[in-house]
Amino acid sequence: MNKLTKEEVLHVANLARLDLSEEEIEKFSYQLKEILDSINKINDVQISTDELFIAPWTNNTTLREDNYKEYTMKEDILNNSSYRFDNFIEVGGVFDE
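The notes below deal with the structure included here. Remember, predicted model here, so these are calculated numbers, not experimental data. (Residues numbered from 1 in each chain as written. Predicted model: local features only at pLDDT ≥ 70, side-chain atom pairs only at ≥ 80, totals over all residues. Heavy atoms only, no water.)

**Some thoughts on unusual backbone geometry**
Trans is the prevailing form of peptide bonds, just as negative phi is the prevailing case for residues other than glycine.
And step 1. The backbone of Arg 17 shows a phi angle near 55°, a positive value even though the residue is not glycine.
And step 2. As for its position among the elements, Arg 17 is in the loop between helix 1 (6-15) and helix 2 (22-40).
And step 3. Phi at Asp 86 takes a positive value of approximately 50°, unusual for a residue other than glycine.
And step 4. By the secondary structure assignment, Asp 86 is in the loop between strand 1 (84-85) and strand 2 (88-89).
And step 5. Residue classification places Asp 86 among the exposed residues on the basis of a relative accessible area of 55%. (Helix = DSSP H or I, 4+ residues; strand = E, 2+ residues; numbered from the N terminus. Buried < 20%, exposed > 50% of the residue type's maximum accessible area, 1.4 Å probe, protein only.)

**Description of the environment of Asn 79**
And step 1. Here Asn 79 shows up in helix 3 (residues 74-80).
And step 2. Note: C-alpha distance between Asn 79 and Ile 89 (10 residues apart in sequence) is 9.5 Å.
And step 3. Polar side-chain contacts of Asn 79 include one of 3.2 Å to the side chain of Arg 84. (Polar contact = N/O pair within 3.5 Å; in protein donor to acceptor, adjacent residues only side chain to side chain.)

So, in structure tokens, the structure goes:
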């Protein structure tokens, strides 16, 4: 089979919301068939999960330990803010409503 049928091409065109002329249908029937044949070559690839995969790097990721400290100058921060609500800094909204 060297080309797709007209119905198959029209189905693909419908999915892509394209209006095709008769010339384009004929042209795309060959081109789509070639594309699908190229994609089907993937099925011919032999895949085996028995092989051991080795990463190209040798360093393992190490994360630093989190260290928490209590900040004692909360009032200074709150006093420098333009808008304040109790012990919170008030900021503008993110979303338009």
